[in-house]
Each structure stands twice: as structure tokens, then as C-alpha cells.
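Structural description and commentary
Here are the chains, one letter per residue:
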Amino acid sequence: MKALVFTAPSVVELHDVDEPFVRADEILVEVAAAGICGSELHGVRTPGFRTPPLVMGHEFAGTTPDGRRVAVNPILSCGRCDLCGRGRGHLCRRRALIGVHRPGGFAERAAVPASAVHVLPPGMAWTAAGLIEPIAYAVHTWNVAQVPEGARIGVIGCGSIGLLCVQLARARGAAAVAAADVSQRRAAIAERVGADVAGPALTGEFDVVFDAVGLPATRADALARLAPGGTAVWLGLLSPESGFDGADLVRSEKRVLGSFGYTPGEFAAAVTLAAEWDLSWVDTFPLADGARVFTDLMNGGTQPVKALLTP
């Protein structure tokens, strides 16, 4: 079968690979849509967490041999440790990720644990199905923040996760939603899908700021734009460095929280949300174009905002 393979630092190539081996507790998914994630672009440029050769792709949906249309939850936890027992399997110390620790959805077919599939609502478009995983990430981030009613929300970074945070904030009744991105096109999309205002930087004060970039400058800005007692949630992963003012954190009693992944319940909630949101900013490409699209984005391209590969 055909697959997009991470073969070396900064290199992805379309290859012929062996058909997946399907174990007794697994199911074969014929991939219909697989999203390219910013973490994969960074991971290919700077290998470490992902090791080549690898078929990536952790945001995907498709069809099972019995005809079910499903989305795949890529987080595989042990189910036995203390964290799993407390319902925090996404933080399991022995977790594995489809598309990172085992072959993922950048292929015509993928073998996944039967427990990882979620049946889609009738009639859901594959574009929406391919966005369920990042929507689940946004839902978890919102829950981590424990957003107060009527909060003023700021979002830094209008890639796919940032745009989904904007839409979720609007859907959850935020009093005001502002977004920031250096790309005028992405900022304009943020306004179209729910931001009251969007531009190159946040202005004013916010009760909650989501940093969907993950650079020292954006993390510092997330804190600087908080009202006293506010909460910054970091979900971007571009840099390990912080760069924030610790004294301001103390004097204004601000909070900084990290957000990673989602629970099974949050993934299930995302299945419902995906059918309701404006995802017109998502573009689809055949798997044959995957290496070109991936490489363009990896090298700094800003279009498309979100690319789905359709094997």
C-alpha cells in the first residue's frame, strides 16, 4: 500500500510499504482523512520524539471492514496504573501514541486497537471527522482552564488548535474572544469563526489566555495579558523555554497550566462538536501530494491553515 513515510530529518516521502499486521485485539481502518499536525512538522525538522522510518498521522478517521465509519483516538494508555485508575490515562507514564510509537494514518490503511475507534454520526463529512482529534484537544484545554462563566478569552496562534479554541470559547458563552496571529489570513479566519477581534497581537486584559504556539515570547505574552488572578494555558510545543516574568506571576496571583491530550470522554464530546462547527478553512489533498504539502508547511508555509490527506 502507499504511505507517507518520515525517512530522515526534514524528509517525508511517499513509499510503497507492507500492509499492516492486524493483531487479535486490533482492527483495520481504511483511512479516509488524516490531518497534518504542527507537532509533526516540528518533529520531522527536529527528530527525537519521533524516530524514522515512521508512518506518522495521529489525527485520522476511516472505515472498518464491517462498514463502520470511525474516528481513531491515538492515545493508548496502559489501563492499569494510578493515573489510568484516576481517569487520567492521557497522562499515563506508559502511554503510546498512534503515529508516533506505531504506524499511523498517513497511509491507505492502519491497524489500531479496537478500543481506539469511535463510531461517527450518520452523514458526518470526512473533513469534520478528520478534525475530531484536535477538537478533543481544544475541549480538554478548556476543561483544564476551568474557565469561569462570562470570561474574557484570548487565544495566541490561529493554527488549527487556536481556531478550534476560538470556536469553543464562542460556543461556551465567553463574554469576549480575541485572537492573535502574525498571519493576516489566519487572523481573518479567526474573526470569521468567532473572534470579536483578531490581529498580530493581543491587547487588553483577559481572564484566560490559551497559547497555541509555544515560544518563549508567546508564553510571556500569555502571562502579560492576564488580568490579576487569571489563567494562562500552554498547549503549544515549539520550544521548551518559558521566558515569563515569575515575579508578576506571584504578585498578581496568576496561574500557568499545561495541557496535553484529552480523556476518552472529551474525545467522544469532540465527535458531536465536529459536526456543528465551521471547518471551511480546512483543505484536503490526495496522499500523493502529501510529501509536497508537508514539506511546504514544515519549511514555514502558512497555507493551508489545516491540511487533510485523503488516501
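This structure is a prediction, so every number in the text was calculated from the model and none was measured.

Okay, the overall build of the protein next. Check the secondary structure of the protein and you find ten helices and 18 strands. Projected onto its principal axes, the C-alpha coordinates of the protein cover approximately 55 × 40 × 40 Å. Residues classed as buried in the protein amount to 53% of the 311 residues present. Taking as baseline every contact in the protein between residues at least 6 positions apart, the subset at least 24 positions apart corresponds to 69%.

Attention shifts here to the UniProt feature "domain: Alcohol dehydrogenase-like C-terminal" (unreviewed entry) in the protein. Here, UniProt's "domain: Alcohol dehydrogenase-like C-terminal" (unreviewed entry) annotation points to residues 161-275. The span residues 161-275 shows a helical share of 41% and a strand share of 23%, and its end C-alpha atoms are spaced 17 Å apart.

To continue, consider the pairing of strand S3 (residues 26-35). Counted residue by residue, S3 has eight buried out of ten residues, so it is predominantly covered. By the bridge criterion, five bridges tie S3 to strand S9 (residues 109-113) in an arrangement that is antiparallel. Residue pairing across strands places Glu30 opposite Arg109, the latter belonging to S9. Relative to strand S5 (residues 59-63), S3 is paired through five bridges, and the arrangement is antiparallel. Within S5, the residue paired with Ala33 across the bridge is Ala61.

This next bit is on the nonpolar core. Ile132, Ile135, Ile153, Phe210 and Trp281 are the most contacted members of the largest nonpolar core, which has 56 residues in total. For this core, the secondary structure elements donating two or more residues are helix H3 (126-129), helix H4 (132-145), strand S11 (152-156), helix H5 (160-171), strand S12 (176-180), helix H6 (184-193), strand S14 (206-211) and helix H9 (264-274). It is H4 that provides the largest number of residues to this core, a total of eight residues. Both of domain 1 (2-125 + 279-309) and domain 2 (136-258) provide at least three residues apiece to this core. Not counting residues up to four positions away in its chain, the partners in contact with Phe210 are Thr141, Trp142, Ala145, Val147, Ile153, Gly154, Val155, Ile156, Val233 and Leu235. Ranked by size, the runner-up nonpolar core spans 35 residues in total, among them Leu41, Ala116, Met298 and Leu309.

Interaxial distance between helix H1 (residues 38-45) and helix H10 (residues 290-298) falls to 9 Å at its minimum, and their mutual angle equals 80°. By the angle class used here, H1 and H10 are roughly perpendicular. Contact residues: Glu40, Leu41, Val44 and Arg45 in H1; Phe294, Leu297 and Met298 in H10. Across the contact of H1 with H10, the residue classes tally to five nonpolar, no polar and two charged.

With that out of the way, let us pick up the pattern of salt bridges. Throughout the structure, instances matching the rule amount to 17 salt bridges. In this structure, Arg109 engages Glu19 in a salt bridge whose closest nitrogen and oxygen atoms are separated by 2.5 Å. Of this pair, Arg109 sits in strand S9 while Glu19 sits in the loop between strand S2 (11-16) and S3, and the two are 90 residues apart along the sequence. The class for Arg109 is buried, based on a relative accessible area of 16%. Residue Arg109 is joined to Glu30 by a salt bridge in which the shortest nitrogen-to-oxygen separation is 3.1 Å. One end of the pair, Arg109, is in strand S9; the other, Glu30, is in strand S3, and 79 residues separate them in sequence. One continuous salt-bridge network, built from bridges that share partners, spans Glu19, Glu30, Glu108 and Arg109.

To continue, consider the UniProt feature "domain: Alcohol dehydrogenase-like N-terminal" (unreviewed entry) in the protein. UniProt's feature table lists "domain: Alcohol dehydrogenase-like N-terminal" (unreviewed entry) at residues 24-121, given in the numbering used throughout. As annotated, residues 24-121 has a helix share of 12% and a strand share of 34%, and its two end C-alpha atoms lie 26 Å apart.

Moving on: the pairing of S11. Counting buried positions along S11 gives four out of five residues, so the element sits mostly inside the fold. One ladder, built from five bridges, connects S11 with S12; its direction is parallel. Looking at the pairing, Arg152 lines up with Ala176 of S12. For the crossover that starts at S11, traverses H5 and ends in the parallel S12, the hand is right-handed. Where S11 meets S14, four bridges bridge the pair, whose relative direction is parallel.

Cut-offs and rules
Residues numbered from 1 in each chain as written. Predicted model: local features only at pLDDT ≥ 70, side-chain atom pairs only at ≥ 80, totals over all residues. Heavy atoms only, no water. Helix = DSSP H or I, 4+ residues; strand = E, 2+ residues; numbered from the N terminus. Buried < 20%, exposed > 50% of the residue type's maximum accessible area, 1.4 Å probe, protein only. Contact = heavy atoms within 4.5 Å. UniProt positions renumbered as here; feature names shortened; annotations may be inferred. Pairing = 2+ DSSP bridges. Core = buried A, V, L, I, M, F, W, Y, C linked by side-chain atoms within 4.5 Å. Domains from an automatic or database assignment. Axes fitted to C-alpha atoms, helices over the stretch in contact; angles between N-to-C directions. Parallel < 35°, antiparallel > 145°, perpendicular 65-115°, else oblique. Nonpolar A, V, L, I, M, F, W, Y, C, P; charged D, E, K, R; others polar. Salt bridge = Lys/Arg side-chain N within 4 Å of Asp/Glu carboxyl O. Right-handed = clockwise from strand over helix to strand, strands pointing away.

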